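# Remarks on the overall topology
Below, each chain spelled out in residue letters.
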Amino acid sequence: PILEVGNPESIEVHSKLLSEEVVDVRVGQKVIISNWGKKEPLEGEVIKIEPAAKEEVSALGVKEQRVNVHMKITSDKELWQGLGDGYRVEVSVILEELENTKLLPVGALFSSDGKPAIYVYRDKKVHLTPIEIGHQNREYAALKTDLDAGIQVVLYPGSHLQDGDKAKPRKK
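No experiment lies behind these values; they were computed from the predicted model shown. (Residues numbered from 1 in each chain as written. Predicted model: local features only at pLDDT ≥ 70, side-chain atom pairs only at ≥ 80, totals over all residues. Heavy atoms only, no water.)

### Here's the deal with the pattern of salt bridges
For the structure on display, the rule yields seven salt bridges. A salt bridge links Glu-21 to Arg-138; its shortest N-O distance comes to 2.7 Å. Of the two residues, Glu-21 sits in helix H1 (residues 19–22) while Arg-138 sits in the loop between strand S11 (133–136) and strand S12 (140–143), which places them 117 residues apart along the sequence. By relative accessible area, which is 33% here, Glu-21 ends up partly exposed. (Salt bridge = Lys/Arg side-chain N within 4 Å of Asp/Glu carboxyl O. Helix = DSSP H or I, 4+ residues; strand = E, 2+ residues; numbered from the N terminus. Buried < 20%, exposed > 50% of the residue type's maximum accessible area, 1.4 Å probe, protein only.)

### Structural notes on the side chain of Ser-75
Relative to the helices and strands, Ser-75 is located in the loop between strand S5 (63–73) and helix H2 (77–80). Not counting residues up to four positions away in its chain, the partners in contact with Ser-75 are Leu-42, Glu-43 and Trp-80. (Contact = heavy atoms within 4.5 Å.)

### Regarding unusual backbone geometry
Phi is positive for Asn-100, close to 50°, though the residue is something other than glycine. Its location among the elements puts Asn-100 in the loop between strand S6 (90–93) and strand S7 (102–105). With a relative accessible area of 82%, Asn-100 lands in the exposed category. With a phi close to 50°, Tyr-156 is a non-glycine residue in the positive phi region. Positionally, Tyr-156 belongs in the segment after strand S13 (152–153).

### Some points on the sheet that holds S7
Read from one edge of the open sheet, three strands run S7-S12-S11, paired in antiparallel fashion. Unpaired on one side and paired on the other, S7 and S11 mark the two borders of the sheet. This sheet shows a mean twist of 35° between the axes of neighbouring strands, independent of strand direction. Where S11 and S12 come together, two bridges link them in antiparallel fashion. (Pairing = 2+ DSSP bridges. Axes fitted to C-alpha atoms, helices over the stretch in contact; angles between N-to-C directions.)

### Quick notes on the nonpolar core
Membership of the largest hydrophobic core comes to 17 residues, with the highest contact counts inside it found for Leu-42, Val-46, Ile-73, Trp-80 and Leu-83. Among the elements that line this core, the one with the most residues is S5, at four residues. When neighbours within four sequence positions are excluded, Ile-73 is seen to be in contact with Ile-11, Val-13, Ile-33, Leu-42, Glu-43, Gly-44, Trp-80 and Leu-83. With nine residues, the next largest nonpolar core counts Leu-104, Ile-131, Leu-143 and Leu-147 among its residues. (Core = buried A, V, L, I, M, F, W, Y, C linked by side-chain atoms within 4.5 Å.)

### What about the side chain of Thr-129?
Looking at the element boundaries, Thr-129 is found in strand S10 (residues 125–130). Here His-127 takes part through its backbone oxygen, which lies 3.0 Å from a polar atom of the side chain of Thr-129. Apart from residues no more than four positions distant in its own chain, Thr-129 is found in contact with Ala-117, Ile-118, Val-120 and Leu-147. (Polar contact = N/O pair within 3.5 Å; in protein donor to acceptor, adjacent residues only side chain to side chain.)

Here's what the structure looks like:
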């Protein structure tokens, strides 16, 4: 190109999301823009999702399907006026906002009789506890079952663990 025309007052953020992640993303969803040069994150909104994925090779040499997602910054322009073309930022798309929800690490989840369960640590033993979960991401699952906040659960329980087995927590 001989000339590119742009408006620095109207910056768009483009992010290449993995195709398996973008299936839950919709136009209008909120985004959080971080690591853009200042501590305070910026807010934004998804304005366009391109209809086709493109194959790219990751830094580790893995072939991935990525989809371009376009976002506009909705935070006050005074906060982000130092941003420009080609700057690196990190984005998080807010798929669902949950209030007053207890979260459980997904590493504690396993299947018992085809249903989600966890082992709760209490009285120096582990107790098999069937649960119901809601929305989950790679780190946490929303707990629908009424359990006390702060309970201790077993992370990554092995198949050898049984209800009532004696156990003791590891020190951090």
